[in-house]
Amino acid sequence: MRNTFGHLFTLTTFGESHGEGVGGVIDGMPAGVDVDIRFIQDELDRRRPGQSKLTTSRNEADRVELLSGIFEGKTTGAPIGFLVRNTNHHSQDYESLRGLFRPSHADYTFQQKYGIRDHRGGGRTSARTTISRCVGGAFAKMVLQQMGICVHAYTSQVGDIALDNDYRLYDLRNTELNAVRCPDANVAEKMASLILQVKNEGDTIGGVITCVVTGCPAGVGEPEFGKLHAALGSAMLSINAAKGFEYGEGFACASRKGSELNDVFVNKEGGIGTATNHSGGIQGGVSNGEDIYFRVAFKPVATILQEQTTIDMEGQPTTFKAHGRHDPCVVPRAVPIVEAMAAMVILDHVLMSRTVRL
């Protein structure tokens, strides 16, 4: 099982949904960076369960414990170990699921691959493991901020309720002003109503998260098999429930002409830039200095509170109804996770680009 992310800036994660806790080890963190513990905790709080009536009612404090790699408030360059303990797991809610395979979950695939699986909350496949990603992303963000690079994600679609694809139409500073994390308050209200509707029906709904990276200099990314957009796509699709990724104009390019989509180079305040940004800030797998933007599609959460049919581990048909506490829509809590993965990708590739130049 591969549990390490990155090349120079790496994150190795551990833990399960209903184990003692989840955590990780960050390596390759530059030395001498001021560590803002409040900022790290705030990033975790954005992902934390029980934030509103739109999310799971599981009530975890998610307090991070930093174990190593920090001295007198600064990073030392040594590995940073951290732990977040589980305190509010209800493992008994999953006992009836021990001997069957839930639809669209990883129960069957893990059983086939490893011959054993943790049925409590999905074990290692639970979205609770994304806590480690948020901590890693917080450290990456602290470095990127010093470089003038900012990563900002927001909910752009829930079900069939969607914002315009042009992120420049919205004030992204409004993203955290509502539980949906949508920068348009009126649309956010409609999204919230839809989420509550499907929740009351015992069902779930999917959506889309848009992410924008500003301030990334030109020349970041590895051509051929290490393209920056490929690294971002790989990172995003490693997030639980993520099913689709597109950057720039994405799939819309298929119905357009080259004369409509070519980004013409122009002089921008004495530097080189492009008049448009259909490429999403990346050309030839390398950043061009424009905003990097992409979208990630998330499926409806697979656990629904309705009776379903399936088979048990002996292959016999059966019915079941899931119990426990689950998100009716994963998208609002996935916003900080998308940011975290994007921040780690960008920092990792910035460090690689610097190494090459030296």
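Residues numbered from 1 in each chain as written. Predicted model: local features only at pLDDT ≥ 70, side-chain atom pairs only at ≥ 80, totals over all residues. Heavy atoms only, no water.

**Here we look at the overall build of the chain**
Test applied: Secondary structure elements follow DSSP: runs of H or I of four or more residues count as helices, runs of E of two or more count as strands, with numbering from the N terminus. Every residue pair with non-hydrogen atoms within 4.5 Å of one another is taken to be in contact. Here Asp and Glu are counted as negative and Lys and Arg as positive; His is not counted, and neither are the chain ends. Here the site of a charge means atom NZ of a Lys, CZ of an Arg, CG of an Asp or CD of a Glu.
Broken down by element type, the chain carries seven helices and 18 strands. Taking contacts inside the chain between residues at least 6 apart in sequence as the whole, the part at least 24 apart equals 71%. Across the chain, the 36 positively charged side chains and the 40 negatively charged ones have centroids separated by 2 Å.

**Things to note about the nonpolar core**
Applicable threshold: Think of a nonpolar core as a cluster: buried Ala, Val, Leu, Ile, Met, Phe, Trp, Tyr and Cys residues, connected wherever their side-chain atoms sit within 4.5 Å. Residue exposure (1.4 Å probe, protein chains only): buried if accessible area is under 20% of the type maximum, exposed if over 50%, otherwise partly exposed.
By size, the foremost hydrophobic cluster in this structure holds 81 residues, and its most contacted members are Phe294 and Phe298. The element contributing the most residues to this core is helix α7 (residues 331-357), with 14 residues. Every residue in contact with Phe294, bar those within four places of it in the chain, is listed here: Ile209, Thr210, Cys211, Leu232, Met236, Phe245, Glu246, Tyr247, Val338 and Ala342.

**Structural notes on the environment of Thr319**
Note that Thr319 resides in strand β18 (residues 317-321). Considering only alpha carbons, one finds Thr319 and Glu307, twelve residues apart in sequence, at a separation of 6.8 Å. Excluding anything up to four places from it in sequence, Thr319 contacts Glu307, Gln308 and Thr309.

**Some details on the packing of aromatic side chains**
Aromatic rings considered in pairs are described by the distance between their centres and by the relative angle of their planes. Our working rule: Paired rings are identified among Phe, Tyr and Trp, the last through its six-membered ring, by centres lying within 6.5 Å, and are further divided according to the angle between planes into stacked (under 30 degrees), edge-to-face (over 60) and tilted (the rest).
For the structure on display, the rule yields four aromatic pairs. Taken together, a centroid distance of 5.4 Å and an interplanar angle of 40 degrees make the contact between Phe245 and Phe294 tilted. Highlighted residues: Phe245 in strand β11 (residues 242-247) and Phe294 in strand β16 (residues 292-298), separated in sequence by 49 residues. On the basis of relative accessible area, Phe294 is assigned to the buried category, the value being 0%.

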